[in-house]
Number of protein chains: 2
Amino acid sequence: MEDVNRRLVLAERPIGMVDGSTVRMENVPIPGPGQNEALVRVQYLSIDPTIRTWMDDAPGYLPPIGIGDVVRGAGIGEVVATNSDRYAVGDLVFGLLGWQDYAVAGEGDAALQTLPAGVAPTLALNLFGVNGMTAYFGLLDVGRMAEGDVVVVSGAAGATGSAVGQIAKLKGAAKVVGLAGTDEKCRWIVDQLGFDEAINYRTDNVGRRLREACPNGIDLYFDNVGGMILDTCLGQLALRGRVVLCGAISTYNDKRRPAGPGNYRNLIGLRGRMEGFIILDYVDRFPEAQAAMFGWLTEGRIHHAEHVVKGLESAPDALNLLFTGGNMGKVIVEI
Amino acid sequence: MEDVNRRLVLAERPIGMVDGSTVRMENVPIPGPGQNEALVRVQYLSIDPTIRTWMDDAPGYLPPIGIGDVVRGAGIGEVVATNSDRYAVGDLVFGLLGWQDYAVAGEGDAALQTLPAGVAPTLALNLFGVNGMTAYFGLLDVGRMAEGDVVVVSGAAGATGSAVGQIAKLKGAAKVVGLAGTDEKCRWIVDQLGFDEAINYRTDNVGRRLREACPNGIDLYFDNVGGMILDTCLGQLALRGRVVLCGAISTYNDKRRPAGPGNYRNLIGLRGRMEGFIILDYVDRFPEAQAAMFGWLTEGRIHHAEHVVKGLESAPDALNLLFTGGNMGKVIVEI
């Protein structure tokens, strides 16, 4: 055990990408666990696009990270000291630990989830964690995917997108098309993950390729990126098509207010629906999705990848990977 | 009975507003009703914004009107000759009669709806017709309005919008705010129709007035207009807010592809939903809404207005009224 707690605090709100002046490393004393609390040594940080949105001074589903506050983020850690019956030393716990070496776990609302034995932490952060749950409930509950649907997903080589495409196939989609930003990613999602087609949105004509791949239109578009790709998919929606709004990663670093999708008007004539969701609302139903995920994993029918970056100090660069497209699968920082 | 059928055919596709070269009056022989058909003398035309969208060469929920074809439009007429058991001379019928003096009514898919006795034709085109049905099912079914909702409606002095606001109040909305384009319209919807507040979108600061009127956000926005007002309402949506996409009248005459609502991103964090619909899908359920409407009318709890324009030749100008805001209530052409 080190005798200091290193933590990354938000030094200033980024304009555009996170850079060297966005966060500042601080060394502070390790917090002692109080009554009914435990001390957690953070081992893995889950790097998610939503962290970038919390850095802006804008209303959202959680308040912005305050200037001088530890950067908010999910992670997994080990309980190293405890004054709580809820936690035993050695437990692996999951929750919003923040970008720091040590976090304090409480009870009640501040409680962390204890990981079941036998689930690797990296997997817990990916298919069993926020990404897998987001893919599962976004596709099936928000999007009400039905057998025979033609499904398109953007950010398809990311942690959420790669799960979306695979779950769609497992649930009987007629066709699954993924959009990704490199040929390597495109090969991975088709050859390893079983997507029917992949479109490289940086080099292909997305509109034309989508028309060829989905001649009868898109029944369900799972949107991780926003921007032009959302607009193009809205322009090619099928009757009663659904757009699941999961994220808008192409716009999170925009310095100006991003434009909206002009093709939203298609929703009228097509009786279409565009709906957003936040996975926190589904926590009570996670066991249902985790059971399905466990079955598919056991049968070797679902695959995952992690892109692990070492060192707490690398967290800002790891976050930027999501926006430059430098990752395949889940980005994790190992402390 | 005249001995010619005057009809307005689409001469060229309008760019922007309909003008003198968009339609052409033709005199053709009155069609004879064939086997199982009836001849209908058109009395009233329902002037609806959607007619403008059919004039564009763009995919939609119905095919574009062909160049040289009679302008498509709903109307009410009287059966003047019949070779069908379905229609008796003197019956008043409703359907897509088109902009002409005489239309032929068929059976099966081409059948027209016979109006119940005692419903004035103008009312049949308004609260009992497409506008009333659109308001009812859009608000309650697509928008799932619940008691206590804060409801905003644009085009609030139009046939659909004025019904939306009144039905919302009748169904227990906590507050109903209407947007309209003149002070006279604003007074009408508040003083006569019982809206809680009206905003003149031409002279008021819409964003600020909405924030004052709906400090906790908008639960349901019924959108007839699209454009900036849609974007502003998306920016002020409440948690689990719903946007019912009924029309986009502010954009139908745009010469360039209209911009989209940049604030759509709010739907993610707010778990919001934006959904379109076409009232034709609800025809089987019209009796349910018409029964409710009949009850409210009998009790004097719902009001309506018609703006009647005389003469078939006035139909193009009557259509433009919808876009210049020259009407209060339902625009009808009396032939």
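Note that this is a predicted model, so its numbers are computed, not measured.

Thresholds applied
- Residues numbered from 1 in each chain as written.
- Chains lettered and ligands numbered in written order.
- Predicted model: local features only at pLDDT ≥ 70, side-chain atom pairs only at ≥ 80, totals over all residues.
- Heavy atoms only, no water.
- Pairing = 2+ DSSP bridges.
- Helix = DSSP H or I, 4+ residues; strand = E, 2+ residues; numbered from the N terminus.
- Axes fitted to C-alpha atoms, helices over the stretch in contact; angles between N-to-C directions.
- Contact = heavy atoms within 4.5 Å.
- Salt bridge = Lys/Arg side-chain N within 4 Å of Asp/Glu carboxyl O.
- Buried < 20%, exposed > 50% of the residue type's maximum accessible area, 1.4 Å probe, protein only.
- Right-handed = clockwise from strand over helix to strand, strands pointing away.
- Phe/Tyr/Trp six-rings, centres within 6.5 Å; stacked < 30°, edge-to-face > 60°.
- Lys NZ or Arg CZ within 6 Å of the ring centre and 35° of its normal.

Student: Residue-level account of the sheet that holds strand β11 (residues 218-223) of chain A, with values.
Tutor: Ordered in space as β10(A)-β9(A)-β8(A)-β11(A)-β12(A)-β13(A)-β13(B)-β12(B)-β11(B)-β8(B)-β9(B)-β10(B), the twelve strands form an open sheet in which the pairing is mixed. In this open sheet, the two edge strands, each paired with only one partner strand, are β10 (197-200) of chain A together with β10 (197-200) of chain B. Strand-to-strand twist of the sheet, defined as the mean angle between neighbouring strand axes without regard to direction, takes the value 15°. Pairing between strand β8 (residues 150-153) of chain B and strand β9 (residues 175-180) of chain B: four bridges, direction parallel. Paired with valine 153 of chain B across the bridge in β9 of chain B is glycine 178 of chain B. On the sheet, helix α4 (residues 159-170) of chain A packs against β8 (150-153), β9 (175-180) and β11 of chain A and is oriented at approximately 170° with respect to β8 of chain A.

Student: If you had to explain the pattern of salt bridges to someone new, which residues and values would you point to?
Tutor: All names here are of chain B. If you walk through the whole model with that rule in mind, you get 38 salt bridges over all chains. For the salt bridge of arginine 6 with glutamate 313, the shortest nitrogen-to-oxygen distance reads 3.5 Å. Taken together, the positions of arginine 6 in strand β1 (residues 4-10) and glutamate 313 in the loop between β14 (306-310) and α10 (315-324) put the pair 307 residues apart, joining distant regions of the chain. Given the relative accessible area of 47%, glutamate 313 is considered partly exposed. Taking the shortest distance from any N to any O, the salt bridge between lysine 175 and glutamate 197 comes out at 3.2 Å. Of this pair, lysine 175 sits in strand β9 while glutamate 197 sits in strand β10, placing them 22 residues apart in sequence.

Student: An account of the pairing of β8 of chain A is needed here, citing residue identities and associated values.
Tutor: Residue and element names in this part refer to chain A. Where burial is concerned, the two faces of β8 agree: the one with Val150 and Val152 and the one with Val151 and Val153 are both buried. Traced from β8 through α4 to β9, the parallel crossover comes out right-handed. Sheet analysis places β8 next to β11, joined by three bridges and oriented parallel. Paired with valine 153 across the bridge in β11 is phenylalanine 222.

Student: Help me get a handle on the packing of aromatic side chains, residues and values and all.
Tutor: Working definition: an aromatic ring pair is given by the centre-to-centre distance plus the angle between the planes. One pass over the structure, following the stated rule, counts 14 aromatic pairs over all chains. Plain terms: the ring middles of phenylalanine 137 of chain A and tyrosine 282 of chain A are 4.9 Å apart, the flat faces sit at 20° to each other, and that makes the pair stacked. Of this pair, phenylalanine 137 of chain A sits in helix α3 (residues 130-142) while tyrosine 282 of chain A sits in the loop between β13 (273-276) and α9 (286-298), placing them 145 residues apart in sequence. With centroids separated by 5.1 Å and ring planes inclined at 75°, the aromatic side chains of tyrosine 136 of chain B and phenylalanine 137 of chain B adopt a geometry described as edge-to-face. On the accessibility criterion, tyrosine 136 of chain B (7% relative accessible area) is buried. Residue class for phenylalanine 137 of chain B comes out buried when judged on its relative accessible area of 1%. By the ring-pair criterion, three or more aromatic residues cluster together here, those being Tyr136, Phe137, Phe277, Tyr282, Phe286 and Trp296 of chain A. Looking at arginine 72 of chain A, its charged tip hangs above the ring of tryptophan 54 of chain A, at a distance of 4.9 Å from the centre.

Coordinates in, geometry out; function isn't part of it.
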